[in-house]
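Below, each chain spelled out in residue letters.
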Amino acid sequence: MASPRLATTFAVFMLVSSLSSTGYSLRFAVVGDSQLNFDNPLREPKIFIKLLKDMERQGHRPAFLLHAGDIITGWTSDRGVLQRQYRNYLSAVKGLPFPLHNAIGNHEGYDAQSSALFRKYIGPAWQSFSEDGWHFILLDNASDAHYKTLGPEQEAWLKKDL
């Protein structure tokens, strides 16, 4: 079976409130493609943190936040730069009052080393989780190893997860 081609580009931020046919709702937030330059602690991270704080302050606290990829600038094989960007990102999201789930983007999956650092600092490149009876699946179609495809290992995992 050929691997499906997927597109994963999310611009800025949105708050999603989903209502099922049973009337049960779940509110969660999605942010992605931010490509935050965590090498410059005076710019984007402050805006990102303000966005998160404003979301909670305005009474829109989500059940969780999903970052749909491109959380760091990445696009480099420089281990030191990548480690610094991940540490700065994790510092920015530390203490969130709701769970955070991160999907890998092509900025994090630039090559084998950057993909390995994503797994070290963030977690698996593909994963699933459930929240209040809803099941969410995060796939890797953006890293060097899986660009625009899932690959047989991930497809097998997905079939088991479904």
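Here, every reference points to the structure presented above.
Summary of the structure given here.

Rules of the game
- Residues numbered from 1 in each chain as written.
- Predicted model: local features only at pLDDT ≥ 70, side-chain atom pairs only at ≥ 80, totals over all residues.
- Heavy atoms only, no water.
- Core = buried A, V, L, I, M, F, W, Y, C linked by side-chain atoms within 4.5 Å.
- Buried < 20%, exposed > 50% of the residue type's maximum accessible area, 1.4 Å probe, protein only.
- Helix = DSSP H or I, 4+ residues; strand = E, 2+ residues; numbered from the N terminus.
- Arc of directions from axis to C-beta.
- Contact = heavy atoms within 4.5 Å.
- Polar contact = N/O pair within 3.5 Å; in protein donor to acceptor, adjacent residues only side chain to side chain.
- Phe/Tyr/Trp six-rings, centres within 6.5 Å; stacked < 30°, edge-to-face > 60°.

1. Brief notes about the nonpolar core
Here is step 1 of the chain: In this structure, Phe48, Leu65, Ile71, Ile72, Tyr86, Tyr89 and Ile122 are the most contacted members of the largest nonpolar core, which totals 20 residues.
Here is step 2 of the chain: Where this core is concerned, the elements lending two or more residues are strand E2 (25-31), helix H1 (44-57), helix H2 (79-93) and helix H3 (112-121).
Here is step 3 of the chain: Sorting elements by how many residues they give to this core places H2 first, with four residues.
Here is step 4 of the chain: Ranked by size, the runner-up nonpolar core spans nine residues in total, among them Leu26, Phe28, Val30 and Ala103.

2. Focus: the environment of glutamine 85
Here is step 1 of the chain: Locating glutamine 85 in the fold gives a position in helix H2.
Here is step 2 of the chain: Taking the C-alpha atoms as reference, glutamine 85 lies 7.7 Å from glycine 74; in sequence the two are eleven residues apart.

3. So, H3
Here is step 1 of the chain: Of all the residues in H3, the buried ones are Ser114, Ser115, Leu117, Phe118 and Tyr121. Around the axis of H3, the buried residues are gathered within 160° of arc, so they sit on the same side. Projecting away from the buried face of H3 at angles above 90 degrees are the exposed residues Ala112 and Lys120.
Here is step 2 of the chain: Tucked inside the fold, the buried residues of H3 contact H2 and strand E4 (100-102).
Here is step 3 of the chain: One side-chain oxygen of the residue at the start of H3 lies 3.2 Å from the amide nitrogen of glutamine 113, identifying that residue as aspartate 111.
Here is step 4 of the chain: Glycine 123, located one to two residues past H3, shows a positive phi value of around 140°.

4. So, the packing of aromatic side chains
Here is step 1 of the chain: This structure, assessed with the given rule, holds seven aromatic pairs.
Here is step 2 of the chain: Measuring from ring centre to ring centre gives 5.2 Å for phenylalanine 28 and phenylalanine 136, while their planes differ by 75°; the resulting arrangement is edge-to-face. A residue pair is termed long-range when its members are at least 10 positions apart, and phenylalanine 28 in strand E2 and phenylalanine 136 in strand E6 (residues 134-138) qualify at 108 residues. Each member of the pair phenylalanine 28 and phenylalanine 136 is classed as buried.
Here is step 3 of the chain: Ring geometry for phenylalanine 64 and phenylalanine 129: centres 5.0 Å apart, planes at 85°, overall edge-to-face. Residue phenylalanine 64 is located in the loop between H1 and strand E3 (65-67), and its partner phenylalanine 129 is located in strand E5 (residues 127-131); the two are separated by 65 residues in the primary sequence.

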